[in-house]
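Residue strings, one per chain:
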Amino acid sequence: MLLRSSNKQKMCRLILLALLGGHCHAFSSMHHGHRQRLKTPLAMAPPVAQEELNGGSIIKDTPSEEAVVPDLVVEAELPIMATSIILTPSSTNRQLPSNWLGEKLYILSTAALIGILTGTNIAVFKTAVELVREALYGDGIILPFLNPTLWNELKGEEILTITLRTSETIPIWLIPAFGGILVGLLLKIGEMPPGLRDTVKEVDLDSMRATNATLPDDLLACVDLTPAPQRNDFARFSRKALAATVTLGTGNSLGPEGPSVEAGMSLSRLLMNNKIFEKVSWVFGTLEDMELSEVQRVNRKVARDRLLLACGAAAGVSAGFNAPLSGVFFALEIVQNSLVPIDFPLKQGANISLNAEQKSEIQVATVGGEALALQQINISAILLASVVSALTIQLLLGNELALRLGSFDFKNPLIELPLYLLLGAFAGITAALFSGVAQLSKSMFDGEEGPEIVRDVFKGIPKYAKPVIASLFCGIVSLFVPQVLFFGYETLNGLFLNSNFFSTEYLLVLLAAKLMTTAVSASSGLVGGTFAPSLFLGGVLGAGFHNVVADSLQVLVQQHPELSAYPIVQGISGLPAFAMVGAASVLAALFRAPLTASLLLFECTRNYDVILPLMASAGVASLTGDIVEKWLDEEQREKDPVSWGDLATRLYEDVDDDALCIVNDDKEYK
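Parameters at a glance
Residues numbered from 1 in each chain as written. Predicted model: local features only at pLDDT ≥ 70, side-chain atom pairs only at ≥ 80, totals over all residues. Heavy atoms only, no water. Helix = DSSP H or I, 4+ residues; strand = E, 2+ residues; numbered from the N terminus. Buried < 20%, exposed > 50% of the residue type's maximum accessible area, 1.4 Å probe, protein only. Contact = heavy atoms within 4.5 Å. Areas by Shrake-Rupley, 256 points an atom, 1.4 Å probe, with all protein chains shown as cover. Core = buried A, V, L, I, M, F, W, Y, C linked by side-chain atoms within 4.5 Å. Axes fitted to C-alpha atoms, helices over the stretch in contact; angles between N-to-C directions. Parallel < 35°, antiparallel > 145°, perpendicular 65-115°, else oblique. Left-handed = near helix turned anticlockwise from the far one by under 90°. Phe/Tyr/Trp six-rings, centres within 6.5 Å; stacked < 30°, edge-to-face > 60°. Lys NZ or Arg CZ within 6 Å of the ring centre and 35° of its normal. Salt bridge = Lys/Arg side-chain N within 4 Å of Asp/Glu carboxyl O. pLDDT = per-residue confidence, 0-100. Pairing = 2+ DSSP bridges. Expected span 1.5 Å × (residues − 1).

(A) Representation of the overall build of the protein chain. Of regular secondary structure, the protein chain possesses 24 helices and 12 strands. Residues counted as buried form 54% of the 670 residues belonging to the protein chain. Taking as baseline every contact in the protein chain between residues at least 6 positions apart, the subset at least 24 positions apart corresponds to 78%. When the accessible surface of the protein chain is totalled, it reaches about 29700 Å², and 61% of it is carbon and sulfur.

So this is what it looks like as structure tokens:
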């Protein structure tokens, strides 16, 4: 920063303004004869002048020392685009956007409301899934018999009831097909919202439309979305919630946490686009600052809506697993990966201080892409939404953990560490194999892979019929391996509690069967998540790995009795320890989220002893999964909706920019 001695009084006034604006840290290291670079978010930067295009970002000219310069020059670098700006004394009186306090209060209040609504919604969702499951597989559900004639005859003294039960009349292997039929009917009625990455694109499009910005062609090519006032988001979201309920209630091989995340994101979007809520939010003051430049206004709106979307996702994980800390890290690890930067064209003449030559050079500006963790308000909002959601569902359904772990001890954690690292490597291979099978299954359903006769058959099958095929496949497999059907976490908890005694051979068969049924279900159009199946795959893998190692050590001691003195051959930790480490490792490898996976298993089991080997194994699994997928197909992960948590099945299209757009609506089969 260049500061002349004759301007000390002006500098003091500037520092005072900065202190009042809460940005005193930006000036703490200023001194004479040096230039200080200030890290400034674009949404907080004041309007600027003199722009020219340089590699897709806006660069502001810096005057030389020989030229006539203002009394004070501050050069700042913006983290969201390679941009340098010049703040002159005429613009330094606005260190914060107008009503910044009202905006923060709005964000925190909305985050708390998202937590309440998401917790309530997921409580209803879990109850509905359980009712459907009891009616189809259990003892049935009792409903009041409301025949008016009989009611009058009984004079209200007795209420007749009927028991709704189907398991006694319909073969169990056909029950999943009911879910596939109902999902197909819902697909026939209308479209459903997409998965995580496409949801971010839709939110970005709505945000840019709200600011009247010029919409980028790349984003319009990716998202076929009518403006918010002209569409019925509530109907779209409700259809997908119903589809998830019947998919899981009928036992198809998916999990409830994916729909829980999407429920949280859907509720946050309903609040963003709700006119009534928009009118109520006037108590926080205006959230738009028309004195900001177009780029700053767009970035501010996009960042705020993306934050609320992340709050919804965190609340969904928190309520789904009763694990609020995992919800926070889910937003910071997995949702963050979907928040890619956006290049959008600037309006001509948007900055009147530019001359004709400079205006002709300006084409695009870049917004978005900054890390959620960079702003304290983001962390606070995500934490608040996650905690409120967990408290809400605990109030409605009780404080029951999704996963239960029996008592066990780690015998030799340090000596056994190589075993956990090896288990992590196997978990990474399993996750990569699962992603590959899911992608292959998706390509076959789209008629792009397989023998010619198979491609022709699937190309002729309408989209709404494909879930029926997958559900029939799940039902047939369940005749031989019934544990592949979704019945909550009973099988996985049985491994954690060491109450299920499966042979090593059966565990391997169960692993292969669950992998196949989940991949087919996720790629067919059935609605559900892959969080629970990935935990299941990892738990079964860990249990099988434990049995193989234990049997091998036993054989080794029998053949070489002199080795019995070594601690490692005297016995290893129990099966629950390896099952839980394996569950977290496959989850970490599949979603590239080792911290989320480690904290999730820690929160669900509340056993601190397991966290160290679990984190080591999860890290190795995530790295191994990356290596294997790059070796098999470098572009596979960018195209794989399962690995990204994109639970919707849509047709893929080859495009140049995979980071921005990799999928297209499957209009061909509508």
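(B) Region of interest: the nonpolar core. Core analysis: the largest hydrophobic core is formed by 92 residues, its most contacted members being F321, I382, L535, L600 and L601. Sequence-distant contacts of L601, defined by excluding residues within four places in its chain, comprise L403, F496, L535, M580, A584, R606 and L614. Core analysis: the next-biggest nonpolar cluster, separate from the first, contains 20 residues, V183, M192, V246 and L248 among them.

(C) Geometry of unusual backbone geometry. The backbone of N322 shows a phi angle near 55 degrees, a positive value even though the residue is not glycine. Mapping N322 onto the fold places it in the loop between α10 (294-321) and α11 (324-335). By relative accessible area, which is 8% here, N322 ends up buried. Phi angles above zero are rare outside glycine, and R592 is one such case at about 55 degrees. With respect to the helices, strands and loops of the structure, R592 is situated in the loop between α20 (575-591) and α21 (594-605). Taking the relative accessible area as the measure of exposure, R592 reaches 11% and is therefore buried.

(D) The arrangement of the packing of α21 against helix α22 (residues 611-632) in detail. Packing of α21 against α22 brings their axes to within 9 Å, and their N-to-C directions diverge by 150 degrees. The angle between the axes of α21 and α22 places the two elements in the roughly antiparallel class. The chirality of how α21 crosses α22 is right-handed. Residues P594, A597, S598, L601 and F602 of α21 form the contact with α22, whose participating residues are I611, L614, M615, A618, G619 and S622.

(E) Up close: the packing of aromatic side chains. Applying the stated criterion across every chain yields a total of nine aromatic pairs. Summarising the aromatic geometry, the rings of Y137 and F487 are spaced 5.0 Å apart at their centres and angled 80 degrees between planes, so their arrangement reads as edge-to-face. Here Y137, found in helix α2 (residues 100-137), pairs with F487, found in the loop between α16 (466-478) and α17 (490-497); they are 350 residues apart in sequence, far enough to count as distant. Residue F487 is classed as partly exposed on the basis of its relative accessible area of 21%. Consider the rings of F531 and F591, whose centres lie 4.6 Å apart with planes at 45 degrees: the pair is tilted. Here F591 lies in helix α20 and F531 lies in helix α19 (residues 531-559), a separation of 60 residues in the sequence. For F531, a relative accessible area of 8% translates into the label buried. K514 extends its terminal NZ or CZ atom over the ring of F536, reaching a point 5.0 Å from the ring centre.

(F) Summary view of the pattern of salt bridges. Using the criterion set out here, one finds 16 salt bridges in the structure. R304 is paired through a salt bridge with E103; the nearest N and O atoms lie 2.7 Å apart. Of this pair, R304 sits in helix α10 while E103 is found in helix α2, placing the two residues 201 residues apart along the sequence. Here the two residues R304 and E103 agree in accessibility, since each one is buried. Between E202 and R269 there is a salt bridge; the shortest N-O distance is 2.8 Å. Linking E202 in helix α5 (residues 196-210) with R269 in helix α8 (residues 257-272), this pair joins segments that are 67 residues apart in sequence. The same class applies to E202 and to R269, which are both buried. Connected through salt bridges with shared partners, the residues E191, E202, D206, R231, D233, R236 and R269 form a single ionic network.

(G) View of the packing of α19 against α20. Direction vectors running N to C along α19 and α20 enclose 135 degrees, while the axes themselves pass 6 Å from each other. Our classification of the angle between α19 and α20 gives oblique. Relative to α20, the crossing made by α19 is right-handed. Here F531, S534, L535, L537, G538, G539, L541, G542, A543, F545, H546 and N547 of α19 come into contact with α20, specifically with L575, F578, A579, G582, A583, V586, L587, L590 and F591.

(H) Summary view of the confidence of the model for the protein chain. Per-residue confidence for the protein chain gives a mean pLDDT of 75, with 70% of residues at or over 70. The model gives residues 154-161 a pLDDT under 50, and that stretch makes 12 contacts with residues more than four places away or in other chains.

(I) Spotlight on the pairing of strand β9 (residues 342-345). Burial along β9 is one-sided: the residues I342 and F344 are buried and none of D343 and P345 is. Relative to strand β10 (residues 364-367), β9 runs antiparallel, the two being bridged by four bridges. Note on β10: the bridge partner recorded for D343 is T366.

(J) Looking closely at α22. An ideal rise of 1.5 Å per residue puts 32 Å on 22 residues; α22 measures up with 31 Å between its terminal C-alpha atoms. All buried positions along α22 are accounted for by I611, P613, L614, S617, A618, A621, S622, T624, G625, V628 and E629.

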